[in-house]
Amino acid sequence: MRLYFAPEETDEFEAMCGLLIHRMGRWADERGDRMDGFGVEAALDYRQRGTPDGRLGLWEPRHVEGFLLEWLPRTVTVLPGDEPGDMPGTLALLLRYLDAMGLADPRGATLAENLSAIEAVTPRFGPAMADRTRWGLSKFWVTTAAEQGTDVHDQEALQDFVERARRGEVAYDENVLDQVMARRLAHGAAARERAEPQLPVALPTEDELRVLAERSAVLPWLRGISAWAGSEGRSVTATGTLRIADARALVAELGTGDRVEGVRSSAQLPRLGLAVEWAKKARIVRIVKGRMYAVAKARPLLEDPLALWRRAFETFTGLRDPLVAPRSGWHFPSTVRDSFEQVVPDILNTLYSLPYAMPWPRLWESTLLGYGTGPGLLLEAGDRDLRVVLGALEDLGAIERYEGMADPVFVEKPLSAAPELPPAALPPELAELFGTVARRPQDPDAESRAGARVAQEAELTDGQVELIRLTALGHDSVRRRLLAEGRDAPLLGELIHAPAAGLLGVLADHYDPDSARTELATWISVRASPAVALEQLTDAMRACPFRTRTEAMLSVLAEAHPDGDTVARGLRGDPLLAPTAISVLVRREILDADDLTEPESLLMVAESLLQLLETVGSDGVLETLRGQQVPARETLAAALASGHPDREGMADLKEVADQFARRPAAQVGRIHRRTGRKGGNRGGKRRR
């Protein structure tokens, strides 16, 4: 069972929800707890659709607060006379279950920390649900309709209410609706699509990063400007710029490289102007009543090169004007300038996610053409601004640029293929069918962009090209920003203290093979011995109650462990893991059907059905069996007689067999998702 799904994997996510709620309900019953299946589903839905990372097993106090105080009040409708249910208690039960089953992501908060957060938030949950200004728009109108006597379960009655509302015949609180709409607009502006997963990165230690930060060309600028301003302050012009005499002196002192000959205003010294503006944005100096002062509270920051570097990086997106603002009244538009606060993070995110240095033509293409920059001089303006931005990032030490051969992946598999223009005689109607209208020959922008793209492609394949990549400092600070945005940014070595189940689960769900090998080796290295580590890993798989997840855990172990195939072979006779081991060995083509004994073949049948049952549910199993040549009754009987060690799964499979025996063959087929769930009340009167 996976705990990470892409947004488009709706069916897979739905099936996982059904399985988890079913199993969790059984677990809750055994403990004497009451589970609200609707609440569990809402919590999983929040992490899947309401957060940018979609890591269902990872919870932190911010998620607790976001779910209970924002998501539920906005999305869950409680009709008049109903109660919202014990959603805080349901969330606590879910987190306990994830922890008990080894499903909790070890990179999140501990169970104790999350339970404390739930306890702290609980008194605010009821008022938040009752606060109408927190409601979503549909919830506002459905509740208003119900309060005015409309049966909201009757579609005709609800439609009649909607029509009356459109005609202005329905009374409602206009002030509340205005606030609902304002919050809706604010939420829509802040809402993020699912962020692309990032590859794990390796980073130096903090002390090593501190040494690297000290080498930045920008830090002496910031320190020098602070020392120059001092506590007594220095006079500046009415517009806040340096006096020309002071500016010339600072150019020499800081070594900004600006040409001062013939300059009559400090505004004509772009690198010094950038340094001064950077110091202001970083809150190292401030201007008060015509004088620039050093900020006293920034002294500890100036003494810590890594902290100062991080502050400088964090404020970079606020430097649009000193970097790329036009120096004259008339200028060409520039994508980099006009979308600076979006373009810069996009560039850094792109570099972060790549395992190879990016060639200039590809970065140029993805930045300028990707944002739809126009032809000719517009491209030149964007090109110039992009180079200025990269130069400043290089001065800071966030990126490095050098000459070299582009990795073949950028040549053989370009990020975006060059568009082909339609044949000249192709009628517009047919061009539309082929999706080429925007690239017609008579479209001058399209031709110009295509020509520019061809020129960049030629540069890419002619030999050495400029390559750009993030430095260790750049990777560190981009990662810190991604995490602050709630995104997933794995770090090699961060799972070193994770429990075995958490380690294997994260590796299976989020790591590429090379990173998984590195992470597993690091984890094993701090255990008492490789044998002890291996035993902990196999014990974690034995304790996992889900067949699909157990197989994923063993698969990643077999792939990442130096003796992985040997480990899998050794588990072929394990009382609990034999079915999983056999399945993994067959999938890895180490065994085939002829290599299996008859008992092993039966275990394989049972294992396949149990994994299918977890994935598509009982009706899905029956649908699949109906399409097989072997009669379903015989297949189910063979599986039930296999002696498979998963008692809970076999009990579920026995129910499927009984269901099949009671159902006429003609009715076997249709897969019903998320209906008739066991182990919890979905709360039928509640609405989304």
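### Observations concerning the overall build of the chain
Argument step 1. Tallying secondary structure elements over the chain gives 32 helices and six strands in all.
Argument step 2. Scored against the burial criterion, the 688 residues of the chain give a buried share of 48%.
Argument step 3. Pairs at least 24 residues apart make up 72% of the contacts formed inside the chain by residues separated by at least 6 positions.
Argument step 4. With an accessible surface of roughly 33000 Å², the chain has 51% of that area assigned to carbon and sulfur atoms.

### Examining the pairing of strand S2 (residues 285-288)
Argument step 1. Note that S2 and strand S3 (residues 291-294) share four bridges and pair antiparallel. Bridge pairing in S3 links Ile287 to Met292.
Argument step 2. Here S2 folds back onto S3 in antiparallel fashion, the turn holding two residues, of which Lys289 has a positive phi close to 50 degrees.

### Focus: the packing of helix H3 (residues 61-75) against helix H5 (residues 111-130)
Two quantities define a packed helix pair, namely the angle between the helix axes and the distance between the axes.
Argument step 1. Close contact between H3 and H5 brings their axes to 9 Å; oriented N to C, the two are set at 20 degrees. Between H3 and H5, the crossing angle belongs to the class labelled roughly parallel. Regarding H3 and H5, the two cross each other, and that crossing is right-handed. Residues Pro61, Val64, Glu65, Leu68, Leu69, Leu72 and Pro73 of H3 lie in contact with H5, whose contacting residues are Glu113, Asn114, Ala117, Ile118, Val121, Arg124, Phe125, Ala128 and Met129.
Argument step 2. The residue makeup of the contact of H3 with H5, split by class, is 12 nonpolar, one polar and three charged.

### Observations concerning the pattern of salt bridges
Argument step 1. Counted according to the given criterion, the structure contains 51 salt bridges.
Argument step 2. A salt bridge links Glu169 to Arg167; the nearest nitrogen and oxygen atoms lie 3.0 Å apart.
Argument step 3. In this structure, Arg387 and Glu466 form a salt bridge, with 3.5 Å as the shortest nitrogen-oxygen distance. In this pair, Arg387 is assigned in helix H19 (residues 376-396) and Glu466 in strand S6 (residues 465-470), connecting sequence segments 79 residues apart.
Argument step 4. With relative accessibility at 14%, the residue Glu466 sits in the buried group.
Argument step 5. When salt bridges with common partners are traced through the structure, they connect Arg47, Asp53, Arg55, Asp105, Arg107 and Asp488 into a single cluster.

### Points about the packing of helix H1 (residues 10-31) against helix H32 (residues 647-662)
Argument step 1. Running from amino to carboxyl end, H1 crosses H32 at an angle of 115 degrees, the nearest separation of the two axes being 13 Å. Here H1 lies roughly perpendicular to H32, going by the angle between them. Of the two elements, H1 crosses H32, and the hand of that crossing is right-handed. Note on element contacts: H32 touches H1 through Glu648, Gly649 and Asp652, opposite His22, Arg23 and Arg26.

### A closer look at the side chain of Asp646
Argument step 1. By secondary structure assignment, the location of Asp646 is in the loop between helix H31 (632-640) and H32.
Argument step 2. It turns out Asp646 is buried and unbridged, and the closest side chain with the opposite charge, Arg547, is 4.1 Å from it.
Argument step 3. Of the polar contacts made by the side chain of Asp646, one reaches the backbone nitrogen of Glu648; its length is 3.4 Å.
Argument step 4. Engagement of the side chain of Asp646 in a polar contact is seen with the backbone nitrogen of Gly649, the distance being 3.0 Å.
Argument step 5. Setting aside residues no more than four positions away along its own chain, Asp646 makes contact with Pro545, Arg547 and Leu610.

### Examining the sheet that holds strand S1 (residues 234-235)
Argument step 1. Reading across from one edge, S1-S3-S2 is the order of the three strands in this open sheet, with antiparallel pairing throughout. Either end of the sheet is taken by a strand with one partner, and the two such strands are S1 and S2.

### Thoughts on helix H24 (residues 500-510)
Because an α-helix completes one turn every 3.6 residues, residues spaced three or four positions apart along the sequence face the same direction.
Argument step 1. With 10 of 11 residues buried, H24 lies mostly within the body of the structure.
Argument step 2. Within the sequence span of H24, burial applies to Ala500, Ala501, Gly502, Leu503, Leu504, Gly505, Val506, Leu507, Asp509 and His510.

### Some remarks on the nonpolar core
Argument step 1. Ranked by internal contacts, the top residues of the largest apolar core, which has 75 residues, are Met16, Leu20, Phe67, Leu72 and Leu91.
Argument step 2. With nine residues, the top contributor of residues to this core is H1.
Argument step 3. Ignoring any residue separated from it by four or fewer positions in sequence, one finds Met16 in contact with Met1, Arg2, Leu3, Phe5, Leu44 and Leu56.
Argument step 4. Leu219, Trp221, Trp278 and Tyr352 belong to the second largest nonpolar core, which has 71 residues in total.

### Description of the packing of aromatic side chains
Argument step 1. The tally for this structure, following the rule as stated, stands at 13 aromatic pairs.
Argument step 2. Residues Trp141 and Tyr172 carry aromatic rings whose centres are separated by 5.1 Å and whose planes lie at 70 degrees to one another, so their mutual orientation is edge-to-face. Here Trp141 is found in helix H6 (residues 137-147), whereas its partner Tyr172 is found in the loop between helix H7 (155-166) and helix H8 (174-190), with 31 residues between them in sequence.
Argument step 3. Through pairs of rings, three or more aromatic residues link up here, namely Tyr46, Trp59, Phe67 and Trp71.
Argument step 4. Residue placement shows Arg387 over the ring face of Trp360; its charged tip is 3.9 Å from the ring centre.
Argument step 5. The ring centre of Trp523 lies 3.8 Å from the NZ or CZ of Arg527, which sits over that ring.

### A word on the confidence of the model for the chain
Argument step 1. When pLDDT is averaged along the chain, the result is 86; 86% of the residues meet or exceed 70.
Argument step 2. Below a pLDDT of 50 lies the segment residues 414-444, which in the model reaches 33 contacts outside its immediate sequence neighbourhood of four places, other chains included.
Argument step 3. Every residue in residues 665-688 is under pLDDT 50, and counting partners more than four places away or in other chains gives 70 contacts.

### Notes on unusual backbone geometry
Argument step 1. Not every positive phi belongs to a glycine, and Lys289 is a case in point at roughly 50 degrees.
Argument step 2. Summarising the element assignment, Lys289 is placed in the loop between S2 and S3.
Argument step 3. In this structure, Glu589 takes a positive phi of about 60 degrees despite not being glycine.
Argument step 4. As for its placement among the helices and strands, Glu589 is situated in the loop between helix H29 (578-587) and helix H30 (598-626).
Argument step 5. Owing to a relative accessible area of 71%, Glu589 belongs among the exposed residues under this scheme.

### Quick look at the sheet that holds S6
The strands that make up a sheet are held in pairs by hydrogen bonds between backbone atoms, and each pair lies either parallel or antiparallel.
Argument step 1. Read from one edge to the other, the open sheet built from three strands follows the order S4-S6-S5, with strand pairing classed as antiparallel. Two strands bound the open sheet, and with one partner strand each, they are strand S4 (358-359) and strand S5 (399-404).
Argument step 2. Relative to S6, S5 runs antiparallel, the two being bridged by six bridges. Following the sheet pairing, Arg401 is matched in S6 by Ile468.
Argument step 3. Docked against the sheet, helix H17 (residues 340-353) engages S4, S5 and S6, running at close to 90 degrees with respect to S6.

### Quick look at the environment of Glu169
Argument step 1. Residue position: Glu169 is located in the loop between H7 and H8.
Argument step 2. With a relative accessible area of 47%, Glu169 lands in the partly exposed category.
Argument step 3. At 3.0 Å, the side chain of Glu169 forms a polar contact with the side chain of Arg167.

Basis of the calculations
- Residues numbered from 1 in each chain as written.
- Predicted model: local features only at pLDDT ≥ 70, side-chain atom pairs only at ≥ 80, totals over all residues.
- Heavy atoms only, no water.
- Helix = DSSP H or I, 4+ residues; strand = E, 2+ residues; numbered from the N terminus.
- Buried < 20%, exposed > 50% of the residue type's maximum accessible area, 1.4 Å probe, protein only.
- Contact = heavy atoms within 4.5 Å.
- Areas by Shrake-Rupley, 256 points an atom, 1.4 Å probe, with all protein chains shown as cover.
- Pairing = 2+ DSSP bridges.
- Axes fitted to C-alpha atoms, helices over the stretch in contact; angles between N-to-C directions.
- Parallel < 35°, antiparallel > 145°, perpendicular 65-115°, else oblique.
- Left-handed = near helix turned anticlockwise from the far one by under 90°.
- Nonpolar A, V, L, I, M, F, W, Y, C, P; charged D, E, K, R; others polar.
- Salt bridge = Lys/Arg side-chain N within 4 Å of Asp/Glu carboxyl O.
- Lys, Arg positive; Asp, Glu negative; His and termini not counted.
- Polar contact = N/O pair within 3.5 Å; in protein donor to acceptor, adjacent residues only side chain to side chain.
- Core = buried A, V, L, I, M, F, W, Y, C linked by side-chain atoms within 4.5 Å.
- Phe/Tyr/Trp six-rings, centres within 6.5 Å; stacked < 30°, edge-to-face > 60°.
- Lys NZ or Arg CZ within 6 Å of the ring centre and 35° of its normal.
- pLDDT = per-residue confidence, 0-100.

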